[in-house]
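What follows is each chain in one-letter form.
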Amino acid sequence: MDISKQTSGKNSPNLSLRKAIAIMFLCIVASLQASAQGNVTGTVVDEKDEPLIGASVLVVGTANGTATDIDGNFSIKANKGATLRVSYVGYLTKDVKVTDSKPLHIVLKENNELLEEVVVVGYGTMKRKDLTGSITTVNSKDLNVGAYTDPGQLLQGKVPGLVVVQNSDPNGGVNSMTLRGASTLNGSTEPLYVVDGIPGVDLNLIPPSDIESIDVLRDASATAIYGSKAANGVIIVTTKRGADGPAHVTYQGYVSWERVANDHKMMTASQLRSYAEANNITIPNDLGYDTNWADETQRTGFATNHNLSISGGGKSTNYNASVNYIKRDGAIKGVGNNLFTARAYIETKTLKDHLTIGVGVNGNVRNEWGVPRGNDGESVYNAMYYYSPLVPVRNEDGSWYSDKSISQNYNPLTMVYEDRSKATFKRFQTTGKASLMIIEGLTLNANFSYQNRSKDYRDYFSQKSETHNRNGESSRETFTDISKLMEIFGNWDKTFKEDHKVALMAGYSWEEEKLRDGFGAKGYNFYDDSLGWDNIGMANSWDADPVWASVDGGRGMSSKRMISFYGRANYSYASRYIFQAAVRRDGASTFGSNNKWATFPSASVAWRITDESFLRDQTVIDDLKLRAGWGQSGNSAGFDIYTSRFYYKSTTRFDYVDPITGQTTSYKGLTAARNVNDDLKWETTTMVNLGLDFAFLNGRINGTFEWYNKTTKDMIWDYPVSAALYPVSTLTANVGKMRNTGFELTINAMPIMTKDWKWSTSLNFSHNTNEVVSVSNSEFNAGVLDRYDPHLPGLSQGCSTQRIVEGKPIGSFYLWEWAGYNDDGISTFYRYDGKGNRILDANGNPEVTTEPGQDDRIYMGNAQPKLTMGWNNNVTWKNWDLNVFFTGVFGQKIFNEPHAYFSYVASISTGKNVMASVMEDQLATDALAHYPSQRYLENGSYFKLATATIGYTFRNCFNGWLGDVRLYVSGNNLFTITNYKGRDPEINLGGLEPGHDTRADHFPRTRQILVGLNVNF
């Protein structure tokens, strides 16, 4: 019998009976629930019995919630036995159980999480409330989001005073990173990285997904404990660790797409023909085509990233391990990389938890492939603009189009596919850590590290190459760097009578580096292109010296050693009066025999004003702390054992004829390469820092204000000396002095915090003034220090655009002053006397010239920004989250090199392309339109939406066996507000030549869209 048919009738008595029973059951349940549920009333106050207005009251497990009124009162429907969760910004959340109908009196305690936050400092940790130095902490959730392969990209805009300039090159995502201004002329400006307490770790070994937090030590009182490595600041990275409990598995992955965001506007084929016809210009290579070389060379870049980690532990042992794979194809054809990283760390306690031992292993392999990016036209990034749109990509027979009759003119697609290069980096590190608690408060610690980094570079220029016409040419370089580190230090912490805290630390470090141990080789004239770079031994021809040892831009293999002793003392009285003093003594093999050792002291104090009696009873200011610090740190980065030592280098070969046998042998010539300077010593940076920490409205508004004065003396530079007194014409010596002063402001706020909505915002501003105080003295005169040659056509002797000048900042532009056109329609320039004074003719009128010289260059501005900022916003609504992050740089000058180069009108008659702006801005008669003048120096200020991310989190998926799943979409470099006429004003601001929008090596900025997935199992 078909039961479904029997019971499905419209007037079925069985169905009517079931409906009646169901309705009665629902009514009974509803009435029982109504009788059990009632109004729960109460008041929410703070520890001073002051009402808290707008506190959130939520029935746990339901969506039922309310907020307190102006008197702190609330009323909510809740069952007996239900739990109320009460929360308020700046206070600890509290759960209260409903036991009867009596009004509740709920007291919330102030949340001192910000003050109690543990901050990582050199060789230890401290609570933030006890800090005396300038330290900024960035947690993993606040790091920048994107398809990043360079660790510096994670911090852009997050730390006041840290200027990070990004680019979109997959093989070099950061143009520059400078903390509180440049402080050297010769060494590296990159900060020291410390990972899990181990200094000098290659940060490329750490996937962003494995980072727990980053602490940036900005002032010398905080960095001096690292001595000669800390002049550029210290960045301390703490990675994720396992915790007690079952294994926790996490997957994080994304895919992304990117395109060039704003490209140069070059003449199209029709525009080029029309302009040439209108101005009677003969084009020598118009073959009737309409080729957009930028479109032919560019593509939609694609990246994918996958990170899988597992962590866990028990009572005495915890572990964490992860694997990470990244592959990225850039927006320029032929440019990309892939990276595989594996990390593992295990830590265990023994000897009744007195001894903690940890062992870590990190390793990765990174492959990078790229395209030519040299000068003299041999750059894909340059050729995709200058190459004529009137010619084809390929000839009719399928071969690459080529016109060798035009100087420095290379088909960009030929360079992409026929001039290949690849570099493979292999990094391996093992670390060991031990901590022995001898007695309560006294621990002895030891750190050990071994790091091996190798690079294998190879290139191949095929038989079709335009840039290397040698019937196939290949070169290879390989080298290995090895570094070893051992540190032993003790910490003693003791609290007396509750308020008196004393902490002492003393330690010893030993490290050794062996760098650039390798060689290179080159061969050419291959039978065919089938082997490429895989067998350089098949080359049939070799240069006179086909093998070399000076690899990776260095001077050959070198080893250096450093030994250090250091100590620190801290005292805190009730966290109200805080004192810290530290000293480090470093000895290094890098410097002269008379100055291998140096001492770097520091001292700082802090006063928590809000703990004084005159502020204790007020209710507006939650925290107010004044800090002052002084310290010295050194700079040894960028220098090696060759810096102060005499050594020989090879020159051209010569033939030696043996007088007995008559046999001829070829030998390398040797010549002196460097003079000895036994007095060469450390560059020393001294910094004074004043800081004010503040918090208002129960911590809803907090921040810091910093002022600093940073002076570097004994800067190292190569100075000309008499060849009659020295074997080499230059001597490396300590002479120069540089000063940076500035202020930094950080404001964090929680404007909105309700049951469903939360908005937190963080805004930071930085201002730095840089000045080169001196580069010469009575003994050594540096002369005129010209910097950067833009390689503009028609200037065969070269023409620099910047100078290092005493009294001016690094990045000072010295250009010709454009005066207009003469009667022939050619640009003229004002004449100067070399001292910045205009030369006048007999009638008192300024003289002009079409042949400007070095004396005619005058100061036109500098590349140092007057203000930098970062503005981060996090908004959450239920399971949705939104992050919007802005950056800004203001007041800097940029030399628009592409605008100058592609305004050279004569390029049209040689068979190349120019910018479309030439039609409006230049005269066809002007052969000097491209000369470096104020016409190409622009205001580089910009405000940029750097990142916007929106995500949704699914909670407890699939009956709980899968934890949280977060799906998000992110966009990078979304829009830029600027008056700069170039592609993007975010260009290099570091080193000695900041502020140049370059052509040959500048990867264009892209706009990126990313889709990501995070899963907690």
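Residues numbered from 1 in each chain as written. Predicted model: local features only at pLDDT ≥ 70, side-chain atom pairs only at ≥ 80, totals over all residues. Heavy atoms only, no water.

> How should the overall build of the protein chain be read in this particular structure?
Within the protein chain, the regular secondary structure consists of 12 helices and 51 strands. Over its C-alpha atoms the protein chain spans a radius of gyration of 34 Å, differing by no more than 12% from the 31 Å that the globule rule assigns to 1017 residues. Burial analysis of the protein chain (1017 residues in total) assigns 50% to the buried set. Residue pairs in contact within the protein chain that sit at least 24 positions apart in sequence constitute 69% of those at least 6 positions apart. Positive and negative side-chain charges in the protein chain, numbering 100 and 108 respectively, have mean positions lying 7 Å apart. (Helix = DSSP H or I, 4+ residues; strand = E, 2+ residues; numbered from the N terminus. Rg over C-alpha atoms; globule rule 2.2 N^0.38 Å. Buried < 20%, exposed > 50% of the residue type's maximum accessible area, 1.4 Å probe, protein only. Contact = heavy atoms within 4.5 Å. Lys, Arg positive; Asp, Glu negative; His and termini not counted. Charge placed at Lys NZ, Arg CZ, Asp CG, Glu CD.)

> Can you help me understand the sheet that holds strand 37 (residues 785-787) in this one?
In any sheet, the strands associate via hydrogen bonds between backbone groups, in a parallel or an antiparallel arrangement. Ordered by their spatial adjacency, 4 strands build an open sheet running 37-38-39-43, and the pairing between neighbours is antiparallel. At either margin of the open sheet sits one strand with a lone partner, and together these are strand 37 and strand 43 (858-862). The mean angle between the axes of side-by-side strands here comes to 40°, regardless of whether they run parallel or antiparallel. With 2 bridges joining them, strand 38 (residues 802-804) and strand 39 (residues 812-815) adopt antiparallel strand pairing. Counted as the bridge partner of Arg803 is Ser812 from strand 39. (Pairing = 2+ DSSP bridges. Axes fitted to C-alpha atoms, helices over the stretch in contact; angles between N-to-C directions.)

> Just checking my understanding: could you explain the environment of Glu512 for this structure?
Positionally, Glu512 belongs in strand 25 (residues 500-524). Accessibility expressed as a relative area gives 22% for Glu512, which makes it partly exposed. Here the alpha-carbon distance between Glu512 and Lys755, two residues 243 residues apart in the chain, equals 56 Å. Residues within four places of Glu512 in sequence aside, it is in contact with Ile482, Ser483, Lys484, Lys560 and Arg561. A polar atom in the side chain of Glu512 sits 2.3 Å from the side chain of Arg561. (Polar contact = N/O pair within 3.5 Å; in protein donor to acceptor, adjacent residues only side chain to side chain.)

> I would appreciate a short explanation of the sheet that holds strand 5 (residues 83-87) in the present structure.
Pairing in this open sheet of 4 strands is antiparallel, and the strands run 3-2-5-6 from one edge to the other. Two strands bound the open sheet, and with one partner strand each, they are strand 3 (65-67) and strand 6 (94-97). Shown here is a sheet whose adjacent strand axes are inclined to one another by a mean of 20°, direction ignored. Bridge analysis of strand 5 against strand 6 gives 4 bridges, and the strand direction is antiparallel. Directly across from Val86, in strand 6, lies its bridge partner Lys94.

> Is there a simple way to explain the side chain of Asp623 in this structure?
Counting through the fold element by element, Asp623 comes out in strand 30 (residues 621-635). Separated by 2.7 Å, the side chains of Asp623 and Arg608 make a polar contact.

> Looking at this model, I keep getting lost on the packing of aromatic side chains. Mind explaining?
Any two aromatic rings considered together are summarised by their centre-to-centre distance and by the angle between their planes. Inspection of every chain in the model, using the stated rule, returns 35 aromatic pairs. Each member of the aromatic cluster is reached from another via a ring pair, and the members are Tyr123, Tyr226, Phe489 and Tyr566. Over the face of the ring belonging to Trp818 we find Arg935, whose NZ or CZ atom lies 4.3 Å from the ring centre. (Phe/Tyr/Trp six-rings, centres within 6.5 Å; stacked < 30°, edge-to-face > 60°. Lys NZ or Arg CZ within 6 Å of the ring centre and 35° of its normal.)

> What is the right way to look at the pattern of salt bridges in this model?
Pairing is possible between side chains that carry opposite charge, provided their charged atoms lie close to one another. The tally for this structure, following the rule as stated, stands at 46 salt bridges. For Arg1005, the salt bridge goes to Glu986, with nearest N and O atoms at 2.6 Å. With Arg1005 in the loop between strand 50 (996-997) and strand 51 (1006-1016) and Glu986 in the loop between strand 49 (965-978) and strand 50, this residue pair connects regions lying 19 residues apart in the sequence. Overall, Arg1005 belongs to the buried group, its relative accessible area being 11%. Judged by relative accessible area, Glu986 falls into the buried class, the value being 3%. What you see here is one network of salt bridges that share partners, running through Arg180, Arg218, Lys625, Arg627, Asp693, Glu706 and Glu744. (Salt bridge = Lys/Arg side-chain N within 4 Å of Asp/Glu carboxyl O.)

> Teacher, can you tell me more about the environment of Leu937 here?
Within the secondary structure, Leu937 is located in strand 47 (residues 937-939). The exposure class assigned to Leu937 is buried, which follows from its relative accessible area of 12%. The spacing of Leu937 and Tyr980 is 43 residues in sequence and 9.7 Å in space, taken between C-alpha atoms. Dropping the residues within four chain positions of it, Leu937 is found in contact with Phe813, Leu815, Met860, Lys893, Ile894 and Phe895.

> Could you clarify how one ought to interpret the nonpolar core in this entry?
Note on soluble globular proteins: their nonpolar side chains tend to be buried together. With 39 residues, the main nonpolar core has Ile332, Val380, Tyr381, Tyr386, Phe895 and Phe902 as its most contacted residues. Mapped by element, the contributors of at least two residues to this core are helix 6 (293-297), helix 7 (380-386), helix 8 (412-418), strand 39 and helix 10 (897-901). Beyond its immediate sequence surroundings of up to four residues, Phe895 is in contact with Pro790, Thr801, Phe813, Leu815, Ala900, Pro932, Ser933, Tyr936, Leu937, Gly995, His996 and Asp997. Within the second largest apolar cluster, 23 residues are counted, among which are Leu155, Leu162, Leu203 and Leu485. (Core = buried A, V, L, I, M, F, W, Y, C linked by side-chain atoms within 4.5 Å.)

> Honestly, the confidence of the model for the protein chain in this entry has me stumped. Any pointers?
Segments scoring low in pLDDT should not have their predicted coordinates read at a detailed level. The predicted model of the protein chain averages 89 in pLDDT, with 94% of residues at 70 or higher. Confidence drops under a pLDDT of 50 for residues 1-36, and excluding neighbours within four residues, the segment shows 6 contacts in the predicted structure. (pLDDT = per-residue confidence, 0-100.)

> Help me understand helix 5 (residues 269-278), please; the structure alone is not making it clear to me.
Side chains that are three or four residues apart share a direction in an α-helix, a result of its 3.6 residues per turn. All buried positions along helix 5 are accounted for by Ala269, Leu272, Tyr275 and Ala276. Down the axis of helix 5, the buried side of the element spans an arc of 135°, and every buried residue falls inside it. Facing away from the buried side of helix 5, by more than 90 degrees, are the exposed residues Glu277 and Ala278. Buried residues along helix 5 sit in contact with helix 11 (906-910) and helix 12 (918-921). Of the residues trailing helix 5, Asn280 is marked for its positive phi of about 60°. (Arc of directions from axis to C-beta.)

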